[in-house]
Amino acid sequence: MTDRNDDLDDLRAAMDAATPAPDAARRAADIALARENFAALQGSRDDARQTPVTEGSSLWTGVKTMLTKLTTKGGLTVTTAIVACGFLVLTPQGRDLVNLPSGQPEVSEFGGTLAADPAVKVAQPAPGATDLAIDEGALMPSPAILAEREEVPIETLTQSPAVPLDEQTQIRLRSVAEPVTGIADMAPAAPLGSVAGQIERDFDGYVDDAITTPEPDTESFAAAETNPLRITAETPVSTFSIDVDTASYSVLRSSLMRGQLPPPDSIRIEELINYFPYDYAAPAPGEAPFRPTINVFETPWNGDTQLVQIAIQGMMPALEDRPALNLVFLIDTSGSMNDAAKLPLLKQSFRLMLDQLRPQDEIAIVAYAGSAGQVLAPTPASDRATILAALNALAAGGGTNGQGGLEQAYATAATMSEQGEVSRVILATDGDFNVGLSDPRGLERYIADQRDSGTYLSVLGFGRGNLDDEIMQTLAQNGNGTAAYIDTLSEAQKVLVDNLTGALFPIANDVKIQVEFNPAMVAEYRLIGYETRALRREDFNNDAVDAGELGAGHTVTAIYEITPVGSPAQLSDPLRYQPTPAAGDSQELGFLRLRYKEPGATESQLIQTPFSTSTATGEAQFAAAIAGFGQLLQGGAYLGDWSYTDAIALANANRGDDPFGYRTQAVQLMRLAASLSRN
Amino acid sequence: MITSDEDLAQAAAGGDGQAFALLLERCYDRLFGLCFRLTGSRAEAEDLTQDICAALPAKLASYRRQSKVTTWLYRVAVNAAHDRRRRAASHARAADGWGDWELSRQAEIADTRAQVDWLTAAMATLSDDQRDTLALIMDDISHAQAGEILGVCEGTVSWRLSEARKHLRAMKQDEDEGA
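Quick notes on the rules
- Residues numbered from 1 in each chain as written.
- Chains lettered and ligands numbered in written order.
- Predicted model: local features only at pLDDT ≥ 70, side-chain atom pairs only at ≥ 80, totals over all residues.
- Helix = DSSP H or I, 4+ residues; strand = E, 2+ residues; numbered from the N terminus.
- Buried ≥ 20, exposed ≤ 12 C-beta atoms within 10 Å, placed from the backbone.
- Contact = placed C-beta atoms within 7 Å.
- Axes fitted to C-alpha atoms, helices over the stretch in contact; angles between N-to-C directions.
- Parallel < 35°, antiparallel > 145°, perpendicular 65-115°, else oblique.
- Left-handed = near helix turned anticlockwise from the far one by under 90°.
- Nonpolar A, V, L, I, M, F, W, Y, C, P; charged D, E, K, R; others polar.
- pLDDT = per-residue confidence, 0-100.
- Pairing = 2+ DSSP bridges.
- Core = buried A, V, L, I, M, F, W, Y, C linked by C-beta atoms within 7 Å.
- Domains from an automatic or database assignment.

(A) Expanded view of the overall build of chain A. Looking only at helices and strands, chain A has 23 helices and 16 strands in total. Across the 679 residues of chain A, 44% fall into the buried class. Of the contacts formed within chain A by residues at least 6 apart in sequence, a portion of 80% connects residues at least 24 apart.

(B) Quick peek at the overall build of chain B. Looking only at helices and strands, chain B features 9 helices and 0 strands. Along its sequence from the N terminus, chain B presents helices and strands in the succession α-α-α-α-α-α-α-α-α. In chain B, the share of contacts with a sequence separation of at least 24, taken over all contacts with a separation of at least 6, comes to 63%.

(C) Summary view of the environment of Ile141(B). Residue and element names in this part refer to chain B. With respect to the helices and strands, the residue Ile-141 is situated in the loop between helix 7 (128–137) and helix 8 (143–150). Distance from Ile-141 to Tyr-74, taken between C-alpha atoms, is 9.9 Å for residues 67 residues apart in sequence. Setting aside residues up to four positions removed in sequence, Ile-141 forms contacts with Tyr-74, Leu-136 and Ala-146.

(D) Main features of the packing of helix 3 (residues 42–59) of chain B against helix 4 (residues 69–87) of chain B. Residues and elements named next belong to chain B. In contact at an axis separation of 10 Å, helix 3 and helix 4 are set at 120° when each is read in the N-to-C sense. It follows that helix 3 is oblique to helix 4 by the angle criterion. The crossing of helix 3 and helix 4 is right-handed. On helix 4, the residues that touch Leu-48, Asp-51, Ile-52 and Lys-59 of helix 3 are Val-76, Ala-77, Ala-80, Ala-81 and Arg-84. A per-class count over the contact of helix 3 with helix 4 returns 6 nonpolar, no polar and 3 charged.

(E) How the structure looks around the confidence of the model for chain A. Residue and element names in this part refer to chain A. For chain A, per-residue confidence averages 73 on the pLDDT scale, and residues scoring 70 or more make up 67% of the total. Note on residues 45–56: pLDDT under 50 across the span, and 16 contacts to partners over four residues away in sequence or across chains. For the stretch residues 100–216, pLDDT sits under 50, and the model shows 193 contacts to residues farther than four places along the chain or on other chains.

(F) Up close: the pairing of strand 15 (residues 590–597) of chain A. All names here are of chain A. Two strands pair when backbone bridges link them, and strand 11 (residues 506–517) and strand 15 are joined in this way by 7 bridges, in the antiparallel orientation. The partner of Gln-514 across the bridge, within strand 15, is Arg-593. In this structure, strand 15 lies alongside strand 16 (residues 605–611), joined through 7 bridges in antiparallel fashion. Paired with Leu-594 across the strands is Ile-607, a residue of strand 16.

(G) Seen up close, the pairing of strand 8 (residues 422–429) of chain A. Residues and elements named next belong to chain A. Burial runs high along strand 8: 8 of the 8 residues are buried. Side-chain alternation along strand 8 places Val-422, Arg-424, Ile-426 and Ala-428 on one buried face and Ser-423, Val-425, Leu-427 and Thr-429 on a second face that is also buried. Bridging between strand 5 (residues 325–332) and strand 8 involves 7 bridges; their strand directions are parallel. When the bridges of strand 8 are listed, Leu-325 appears paired with Val-422. In the sheet, strand 8 pairs with strand 9 (residues 455–462) via 7 bridges, with the strands oriented parallel. Counted as the bridge partner of Arg-424 is Tyr-456 from strand 9.

(H) The sheet that holds strand 4 (residues 302–314) of chain A, seen in detail. All names here are of chain A. Read from one edge to the other, the open sheet built from 5 strands follows the order 1-12-14-4-3, with strand pairing classed as antiparallel. Strands at the two margins of the open sheet, each flanked by one partner only, are strand 1 (230–231) and strand 3 (290–299). Of the strand pairs in this sheet, strand 4 and strand 14 (residues 555–564) are connected by 8 bridges, and their pairing is antiparallel. Bridge pairing links Val-308 to Tyr-560 in strand 14. Sitting on the sheet, helix 21 (residues 618–634) touches strand 3, strand 4, strand 12 (522–528) and strand 14, and the angle it makes with strand 14 is about 75°.

(I) Looking closely at the nonpolar core. Residues Phe329(A), Leu330(A) and Ile626(A) are the most contacted members of the largest nonpolar core, which totals 121 residues. Viewed by domain, this core spans two of them, domain 2 (230–317 + 507–567 + 586–678) and domain 3 (319–504) of chain A, each represented by three or more residues. Discounting residues that sit within four places of it in the chain, Ile626(A) has contacts with Leu272(A), Ile273(A), Phe276(A) and Ala666(A). By size, the runner-up hydrophobic cluster in this structure holds 54 residues, among which are Leu48(B), Leu56(B), Leu73(B) and Ala135(B).

(J) Broad picture of unusual backbone geometry. Residue and element names in this part refer to chain A. With phi around 50°, Asp-510 is a residue other than glycine that occupies positive phi space. Mapped onto the elements, Asp-510 comes out in strand 11. Classification of Asp-510 by C-beta neighbours within 10 Å gives buried; the count is 21. The phi angle at Tyr-530 is positive, at roughly 60°, despite the residue not being glycine. Residue Tyr-530 is classed as buried on the basis of its 24 C-beta neighbours within 10 Å.

Structure (structure tokens):
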């Protein structure tokens, strides 16, 4: 929905650069002023309820007019009745009140309420008011005020018959009186004040600042077009970088748990698939640090196409072989982190993680809010008491100074780094990089420079609302790290405890995948997911081009949907004037090339292997179910009538071992999505 | 689990001072940014933000759950900016603001000067309506929401933007020809 016109981009960039940060002192003063006014207003609201309204001269003019013209009891009764009817019919509150169940209270109660306390209107019944028609003097001002607001011509009213209310009006008034006084009796003052305020505005026709349609929040996602169908004869080669992030799955889960379907832009299918651990064949010792496996099997959602699943299993080094680790926690303590799902969850998460570290590992903490500062100097992980004390002392407050914090974190990491150690900055934020960092591209360069000097960056997202997914992705991809979104403590356990080794110890850098399809066998193909990870064909052999990292024990899965030559599912027609690809005698479907660098190396190594049709494993089927689920959430252009029910059945049948229950949870989420999508 | 801005605003409207402080804490930076875009001068933006903060508790009564806090807040800000402009014999002052700001800024950032010059000139030549609209759109507000905030229909927003864009393009063309 955001408008991003090219010719406004210049202006936007210039404006972003020009917009200064608020002065901290002014900020504090303004907020203090607002709080003071707020507190003052709370007192006066209670007072206001005791006195008649003084809302400007026009009202008193109305009173005078009425005093001179309106004299009979009947007129008074009728004006009150008309106002009450107007209240019932013209305001949403009134309509709600009409629909509430009613008792049989006195009409006069309602009249009294309106009359004696016009400032608050429905907030309190007037203690002294007894009967509508009796005390003319006391009742006089209020109907006049109200009558004027409803623009009822008073002359007309005085001419109307001086009789009690007609029957229908009385019934309505009765039904109003009970709930209104009931509320006044039970509820504390403040909410009533706001109800009264609202009603008052409705009477005024006052609509300033009131907008009815909801606005999307400030979350933004790295939207990329879904990979299109490719025709093998035209573009036989597909190149992309691996991606081991999982943030998209957590965002999806958090949305579904809140009862909303996730925004289609937030779905990155490769992150959904790679959220789950798979049991692929591990590399033998002495081989490359990872081992590719390729499965080709029938597509669940289309019997005439096939899925090519490329699975990579990284090796798991023994615990004692791991290099020492230097971790710098860069923690966002801006005011927006003050939320149960943010800073407190972050503290708990890091406490969990601390148990996984070894004595030779070192930890430092840098906080950034307003001005960046080192909270904990580099400390061995064995000194738990010091680390926990520093962690607990963190408190949220102030603006966010993302870049200042990053610079300090990198500087700290540089002082800790020794030969043979792994240094990593772990950025924990709610995505609110609003100071000095409005240009993701500038930051990207900065982080890429730091990566080349040996310090990696991982990003942990907390909380929802202003999560900037695009910045998180940019930062982690350029820092050779992972982006994970932590919404619950159990997710923290997965990311920071179960998968800690993989997240922190890279075994292969810049892992790129290139697949060349055989046009004699494959008519069309489509890469499912990896939109934000696409590489150009020539980038594959260019070692200067950055790509994703593989951590210890990580598994990565990529899925292509291919249409064999001659399949009825082929979507494009063969061209009349182009030579048809020679059939050849090769039964190979395609050729897989993988490039990676050993950590620290600058030259890449190549792994290559041809592949042809094979049989599906349960692991591959589960990945296919997740791929289908992701596509359903994106809109499912290629899925035909394959539905959530099919995805659930497929995932359930291939749940496998599932020791941590991740797959069971995925099935639950599918069921939730199925229910929500019906609405 | 997560307290939304809307929940906070509702609690604040009900008299919860802590919720009010937290909400303001969250929104302040964005609010200030918008004020800057609306006025074009740091001093003006600070004053405007202060005005808004001072009046916000009273305005809170007009907040309704149906609308997003940001939309409501932006509307308050835009209205406050209008009031201020009216009081200060608007257009000349607003345009001057961009000039003042530029003078103080020039010394600081020599290398971005060309672009800043262009921004200053560009914003100063737009009409108030166009500038407000542009300020909102550049804060990643959609056309429809900008319409609600400004109290005009979506089509008007799009039209104003296209006018502003036309204007900027013409300016750029003049520059290019002049250069």
